[in-house]
Amino acid sequence: MFATANFSQAGTAARPSDQPLIIAPTVEGVYLCDEAVADKKIRTLKEAYAFCRKRGMDGATAVTRLLDTLEPGGPKGSVQIGYTATLQLLDLYHRTGKGWEIDDSKVDSFLNVIRKIPRPVVVYFAADHFDSLGPIVEDLRKTPENLMQLRDGKPLQLDYFGYSILPYTLATNPEIPVNHYRFKALEHVAKKIQELPLPVQNRIVAYTLAGELHHMFPDFENGMGTYSDIRVTDYSPESIEGFRQWLRTHYRDIQRFKAQTGLDYASFDVIPAPSKDIRKEKLGSFGEHYDAYADGTLPVAGWLWDPAQIVDKINLYVDGKLVGPMARSLNRLDVYRAVDEITNPNTGFRRDIDFSKLKPGPHVAQVVVLSKGRRYKMADVDFVVVPRDQSSPPPGLEPRRLGWMPAFTALERKGVRSWLDMPPPLQDVYYNPLARDWNHYRESQVFNFLKTFHERALKAGLPAAKLYSHQIIPDVNPSWNPQLFASTQTLDGKAPWKQGLNMYGGATNSDWLRGFMKQHQIGSGYGAPEFNPQQWKLDGTHLAALKAHYDAGATFISPYYFSVINQRFKGAAEHGVNRMELSPDNPKDGSDKFYKAIVEFARQ
């Protein structure tokens, strides 16, 4: 029925016959009642929400109408339509004479929607940087320990398509105010959920925890692929002290640290968190150096379009020696958007060079395509490994290159197109082992916060079998810089939570992602808390993606997004988010095609 590469080929178990796949779209406007929409005197969404809340009304009727349009007659069969209900935990607070307290009327409004809609539901407990709209937020913003900090001690000022966001700390200390409020709200709502009638509780198929947890960086909405002049978090005093403690645990004593890193510090107490670019700033010690390559990795990445599938492999060579095959089938939605004839965004390739053991001096990376047993050089790029003292390499050094190969134009005449995006020519790189430690520590911060949030959800009585992460996968986008996010440790099937992996663009049906899931032991029972192929050029694309995850045994997929908000309450500006509103009348980003695919898929 659908042409698809099966996710079950990645090593996941077959789908249990009695387990339906829940299609649970994120729905915007669940608190907007029909009565407010009908009252033409109400002009703004804020006024409409206030009107509904004052009268104890909500949008359950409108949401039910929408879901019944997608799957008439209620949830049934092997694919069932539900919805995702988002609860921003910090938005539950209001100021009282005793300080900030949970407003139970807000909790009740949320739970009443779940009571009224007779459909499966995914409950999304949002507590990350997007949980930034409630009245408590301005108070939290004023306390530095609530926020991740840049090296100058200041938090980032961030927006996401006009939506103000806050880089809340990843520290797990419950005495930090923002953590106190996040954890208290999670535990309060968990208790209220357990007071719901059992049939209502059973309709909740999953709880996704906290949202996309990762480190933050400037220009968040556009800066995912920044490699020059990067600025990262978290340089708060608590984070730096945590780094030093991490080093103590990892190395056990300062002499072992010195022997393994070649860096000389009197004690762990004086080791800096790397933050300075050696090219532009005076260092007190080499351990202070930090940039996108300082941890010893140099990315080689680009894209290749091969409509006739004549390319068997892309290999990376350094100084004439094979490093290995390059990852392929990576999401390059930007290329898909830019080039009309490219009909699949999964054109990206990438492999990182570990230059930490290369000798100082010039080197060359060569990208070589294998086609029908012959090698073709796609691209080569020179780079320079610079020693810690920035001394010049001996004169006359030349890296060894591969010998003659047929011209790549022979493949281009058969429709192959390609481009090498990075690294830039003659990139200079400096390996600082302390920068590698810093990145590992930053990853542990993300993991530990999610682990703490998960533990508190369990302690509050929520069922372990329904607790999922809600994580982005930076590595599926080869042009992104995963160091900015530092979230890789959370993406492992051995983690205590069930994996919830957000998927956009080509990631929704990707050979690379299948391999990633197999490598990280993520089997059936995973979820996709955010999901949108964002494609429009080929029919059947959306059905194939849904079918692939059905076959792999996914528990739920949350298409992003539907809206029951009346048009008069919406802003007129178009941006990257509202292009994805799913509707039969919205052709942008293939939103109409995705809508129709959901309706067709739900007939199973």
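### Digging into the state of the cysteines
Thought 1: Overall, the coordinates contain one disulfide when judged by the stated rule.
Thought 2: Across the disulfide from Cys-33 sits Cys-52; the S-S distance is 2.1 Å. Taking the sign of the torsion about the S-S bond as the criterion, the disulfide between Cys-33 and Cys-52, at about -85°, is left-handed. On the criterion of sequence distance, the pair formed by Cys-33 in the loop between strand E2 (27-28) and helix H1 (34-38) and Cys-52 in helix H2 (residues 45-54) is long-range, its members being 19 residues apart. Per residue, the accessibility class of Cys-33 equals that of Cys-52, and both read buried.

### So, the environment of Asp-421
Thought 1: Looking at the secondary structure, you find Asp-421 in strand E18 (residues 417-422).
Thought 2: For the pair Asp-421 and Pro-120, spaced 301 residues apart in the sequence, the C-alpha separation amounts to 44 Å.
Thought 3: When sequence neighbours within four positions are dropped, the list of residues in contact with Asp-421 reads Ala-301, Gly-302, Trp-303 and Arg-332.
Thought 4: Only 2.7 Å separates the side chain of Asp-421 from the side chain of Arg-332, close enough to count as a polar contact.

### A closer look at the packing of aromatic side chains
Thought 1: By the definition in use, this model includes 29 aromatic pairs.
Thought 2: For the ring pair Tyr-504 and Tyr-560, a centre distance of 6.4 Å and an interplane angle of 75° mean the geometry is edge-to-face. With a gap of 56 residues between them, Tyr-504 in strand E21 (residues 503-504) and Tyr-560 in the loop between strand E23 (556-559) and strand E24 (562-563) connect regions that are remote in the sequence.
Thought 3: When its relative accessible area of 22% is taken as the criterion, Tyr-504 is described as partly exposed.
Thought 4: The ring of Phe-51 carries the charged tip of Arg-55 above its face, separated from the ring centre by 3.8 Å.
Thought 5: In this structure, Lys-537 is placed above the aromatic ring of Tyr-336, and the distance from its NZ or CZ to the ring centre is 4.2 Å.

### A word on the pattern of salt bridges
Thought 1: Counted by the stated rule, this structure contains 37 salt bridges.
Thought 2: A salt bridge links Arg-95 to Asp-139, with the nearest nitrogen and oxygen atoms 3.4 Å apart. Here Arg-95, found in strand E5 (residues 93-96), pairs with Asp-139, found in helix H5 (residues 137-141); they are 44 residues apart in sequence, far enough to count as distant.
Thought 3: For Arg-95, a relative accessible area of 54% gives the class exposed.
Thought 4: Of the charged contacts, one joins Asp-382 and Arg-401 as a salt bridge, the two residues approaching to 2.6 Å between their closest N and O atoms. A residue pair is termed long-range when its members are at least 10 positions apart, and Asp-382 in strand E17 (residues 374-385) and Arg-401 in the loop between E17 and helix H11 (409-412) qualify at 19 residues.
Thought 5: The class of Arg-401 is partly exposed, set by a relative accessible area of 33%.
Thought 6: Beyond isolated ion pairs, a larger network of salt bridges with shared partners links Asp-277, Arg-279, Asp-291 and Asp-428.

### Some details on helix H14 (residues 511-519)
Thought 1: Residues of H14 that are buried include every one of Trp-512, Leu-513, Arg-514, Phe-516 and Met-517, and no others.
Thought 2: Just past H14, the residue Gln-521 takes up positive phi, approximately 60°.

Reading the values: the criteria
Residues numbered from 1 in each chain as written. Predicted model: local features only at pLDDT ≥ 70, side-chain atom pairs only at ≥ 80, totals over all residues. Heavy atoms only, no water. Disulfide = S-S within 2.5 Å. Helix = DSSP H or I, 4+ residues; strand = E, 2+ residues; numbered from the N terminus. Buried < 20%, exposed > 50% of the residue type's maximum accessible area, 1.4 Å probe, protein only. Contact = heavy atoms within 4.5 Å. Polar contact = N/O pair within 3.5 Å; in protein donor to acceptor, adjacent residues only side chain to side chain. Phe/Tyr/Trp six-rings, centres within 6.5 Å; stacked < 30°, edge-to-face > 60°. Lys NZ or Arg CZ within 6 Å of the ring centre and 35° of its normal. Salt bridge = Lys/Arg side-chain N within 4 Å of Asp/Glu carboxyl O.

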